[in-house]
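Residues per chain are reported as follows:
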Amino acid sequence: MTTLSDRPNTALLVLDVQKGNTGEAHERDRVIANINILVDRARAEHVPVIWVQHFDDHMPRGSTAWEYADELTPRRDDEPLVAKSWFDAFEDSDLEQRLAERRVGRVVVTGASTDACIRGTLHGAVARGYDATLVGDAHTSEDMSQWGYPQPEQMISYTNLFWDEHAAPGRRGGTVETAKVDFATPDGAA
């Protein structure tokens, strides 16, 4: 249903599953296991996998905090790596170019952190004409309640609920669980 013409393909986005923002993330091991399942399925189905890696003052390029989590399936050489420094992975990056090269009109979003880069990228995708499916059990956040944020499980639950109903003219969101992701269907569910 994307508004991007001649973009029939789907891509899996793996956002910011890095040591500096997932070390103590909510249900970290389960989330990373689900992301690995999706990466393996995407590869088996010849669905593009695009890796996104955040950098800022807290996660400078080349630092240990900037590195991907050790448990994450390694990125292949033929899978693009997008460097970003904003919550929305499309901002000031080459993500749009990488998706256009692969004729992608729908993204399936996984990773961290729910409150910032996941939400920013989902909204950025829909605003740019993409359909954007959130994998509800494949994103996470660390506990930031000391700064007034809700507990991680509440933030994740709310984001899943909100995104499941998200739509815009000619575009849609949607939330599915890992087991129900279907890269071939537009709504992402079996």
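Details of the structure are given in the entry above.
Calculation notes
Residues numbered from 1 in each chain as written. Predicted model: local features only at pLDDT ≥ 70, side-chain atom pairs only at ≥ 80, totals over all residues. Heavy atoms only, no water. Helix = DSSP H or I, 4+ residues; strand = E, 2+ residues; numbered from the N terminus. Expected span 1.5 Å × (residues − 1). Buried < 20%, exposed > 50% of the residue type's maximum accessible area, 1.4 Å probe, protein only. Pairing = 2+ DSSP bridges. Contact = heavy atoms within 4.5 Å. Axes fitted to C-alpha atoms, helices over the stretch in contact; angles between N-to-C directions.

> Tell me about helix α4 (residues 114–127), residues and numbers included.
Taking 1.5 Å of rise per residue, 14 residues should cover 20 Å, and α4 covers 18 Å from first to last C-alpha, within 8% of that figure. The buried fraction of α4 amounts to 11 of the 14 residues, a majority that puts the element mostly inside the structure. What α4 keeps buried is the set T114, D115, A116, C117, I118, G120, T121, L122, G124, A125 and V126. G129 sits one or two residues past α4 and shows a positive phi near 105 degrees.

> Describe unusual backbone geometry, listing the residues and the values that go with them.
In this model, A112 is joined to S113 through a cis peptide bond whose omega is -10 degrees. As for its position among the elements, S113 is in the loop between β4 (104–112) and α4. We note that E27 has phi near 50 degrees; this positive angle belongs to a residue other than glycine. By secondary structure assignment, the location of E27 is in the loop between α1 (19–22) and α2 (28–44).

> Let's hear about the sheet that holds strand β8 (residues 175–176): which residues, and what values?
Here we have 6 strands laid out as an open sheet, ordered β3-β2-β1-β4-β5-β8, and parallel in their pairing. Edge positions in the sheet fall to β3 (81–84) and β8, since each has one partner strand and no second. Note that strand β1 (residues 9–15) and strand β2 (residues 49–54) share 4 bridges and pair parallel. Paired with L12 across the strands is V49, a residue of β2. The strands touched by α2 within the sheet are β1, β2, β4 and β5 (131–140), with β5 carrying the most contacts at an inclination of about 135 degrees.

> Explain the pairing of β1 to me, and be specific about the residues and the numbers.
Burial within β1 is extensive, with 6 of its 7 residues counted as buried. In the sheet, β1 pairs with β4 via 7 bridges, with the strands oriented parallel. Bridge pairing in β4 links L13 to V109.

These values are about where atoms sit, not about what they do.
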